[in-house]
Structure formats: C-alpha cells, structure tokens
Amino acid sequence: GGGDVEHDLNFQTAGLPTGITLAPNPASDLTTVRWGGAFETGSLRIFDAKGSLVFSAILDSGSSGATIETGGWERGFYLVTALLDGEMFTRKLILE
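Calculation rules
- Residues numbered from 1 in each chain as written.
- Predicted model: local features only at pLDDT ≥ 70, side-chain atom pairs only at ≥ 80, totals over all residues.
- Heavy atoms only, no water.
- Helix = DSSP H or I, 4+ residues; strand = E, 2+ residues; numbered from the N terminus.
- Buried < 20%, exposed > 50% of the residue type's maximum accessible area, 1.4 Å probe, protein only.
- Contact = heavy atoms within 4.5 Å.
- Areas by Shrake-Rupley, 256 points an atom, 1.4 Å probe, with all protein chains shown as cover.
- Pairing = 2+ DSSP bridges.
- Axes fitted to C-alpha atoms, helices over the stretch in contact; angles between N-to-C directions.
- Phe/Tyr/Trp six-rings, centres within 6.5 Å; stacked < 30°, edge-to-face > 60°.

A. Here's a closer look at the overall build of the protein chain. For the protein chain, the count of helices and strands is 0 helices and 7 strands. Shown N-terminal to C-terminal, the secondary structure of the protein chain runs as helices and strands in the order β-β-β-β-β-β-β. Residue burial in the protein chain is summarised as follows: out of 96 residues, 28% are buried. When contacts within the protein chain are restricted to residue pairs at least 6 apart in sequence, long-range pairs at least 24 apart make up 53% of them. Counting only carbon and sulfur atoms, one obtains 52% of the accessible surface of the protein chain, whose full area is about 6,200 Å².

B. Highlighting the sheet that holds strand S6 (residues 76-84). Strands sit in the order S4-S3-S6-S7 across an open sheet of 4 strands; the sheet is antiparallel. Here the strands that pair on one side only, and so sit at the sheet edges, are strand S4 (53-59) and strand S7 (87-95). For this sheet, the mean angle separating the axes of adjacent strands, direction not counted, is 15°. Examined bridge by bridge, S6 and S7 share 9 bridges and lie antiparallel to one another. Across the sheet, residue Tyr-78 finds its bridge partner in S7, namely Leu-93.

C. Structural context of the environment of Phe-47. Examined against the element boundaries, Phe-47 turns out to sit in strand S3 (residues 42-48). Overall, Phe-47 belongs to the partly exposed group, its relative accessible area being 24%. Considered as a pair, Phe-47 and Leu-93 are 46 residues apart in the sequence and their alpha carbons are 9.7 Å apart. Contact partners of Phe-47, with chain neighbours within four places excluded, come to Ser-52, Leu-53, Val-54, Tyr-78, Leu-79 and Thr-81.

D. Local environment of the sheet that holds strand S5 (residues 65-69). Pairing in this open sheet of 3 strands is antiparallel, and the strands run S1-S2-S5 from one edge to the other. Strands at the two margins of the open sheet, each flanked by one partner only, are strand S1 (20-23) and S5. Each strand of the sheet is rotated relative to its neighbour by a mean of 20°, with strand direction disregarded. As paired strands, strand S2 (residues 30-35) and S5 are joined by 5 bridges and run antiparallel to one another. When the bridges of S5 are listed, Val-33 appears paired with Ala-66.

E. The environment of Leu-95, seen in detail. Tracing the backbone shows Leu-95 in strand S7. A sequence separation of 24 residues divides Leu-95 from Gly-71, and the C-alpha atoms of the two residues are 8.8 Å apart. Dropping the residues within four chain positions of it, Leu-95 is found in contact with Ala-27, Ser-28, Thr-70, Trp-73, Glu-74, Arg-75, Gly-76 and Tyr-78.

F. Geometry of the packing of aromatic side chains. Scanning the entire structure with this criterion turns up 2 aromatic pairs. Centre to centre, the rings of Trp-35 and Phe-39 are 6.2 Å apart; their planes meet at 65°, and the pair counts as edge-to-face. Assessed through its relative accessible area of 5%, Trp-35 is described here as buried. Here Trp-73 and Tyr-78 contribute two aromatic rings whose centre-to-centre distance is 5.3 Å and whose plane-to-plane angle is 45°, an arrangement assigned as tilted. Just as Trp-73 is buried, Tyr-78 falls in that class too.

Purely geometric numbers; function is a separate question.
Below you can see the structure in the form of structure tokens.
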C-alpha cells in the first residue's frame, strides 16, 4: 500500500490569477504592478489614503504588468486593487 499516489498536482491554478506585486515599494517616481497567471477581464484601481480614486485602467488580458508614474502624487499610503476575472487582489503602496 501507499504507493498509489497518482494525483498530479501540477494543475493547481497554474493558469489562474495568483495575485499582484509592486516594485519598487516604497516608491517615488514610478512603480510597476505585476500579476501572475492569465485572466480574461482585469482592471486596476489605486486609491489614496482618503479613499479617493487616483488611477484606473483596464488591463490587457495578454499583459503581465503595468508601470505607473507616481511622481506627481502626494507622498503617503495608497491601496492598489486589481480585479482579475472577478477576484480582488489588494496591495498597499507607499510613496516617499
């Protein structure tokens, strides 16, 4: 017994959105948002500390990242939210 483990785990959401990363963070003039995995519909929104929308974009389904120019923004905390195929991913961005 026990040698019967034929479950192939390679399918684990290999093609699905896996979240977003920000680099550099903390940032000053620009930051690049990257996302893993594929999606059909995606949008990116960034809110400032007061909850005001400061950036909004529709994401190209074939893309893997976007560079955002933040040089003119106030220094402080921002919330970056990506909606990929209806699933929300959120990261905190610091501008200094």
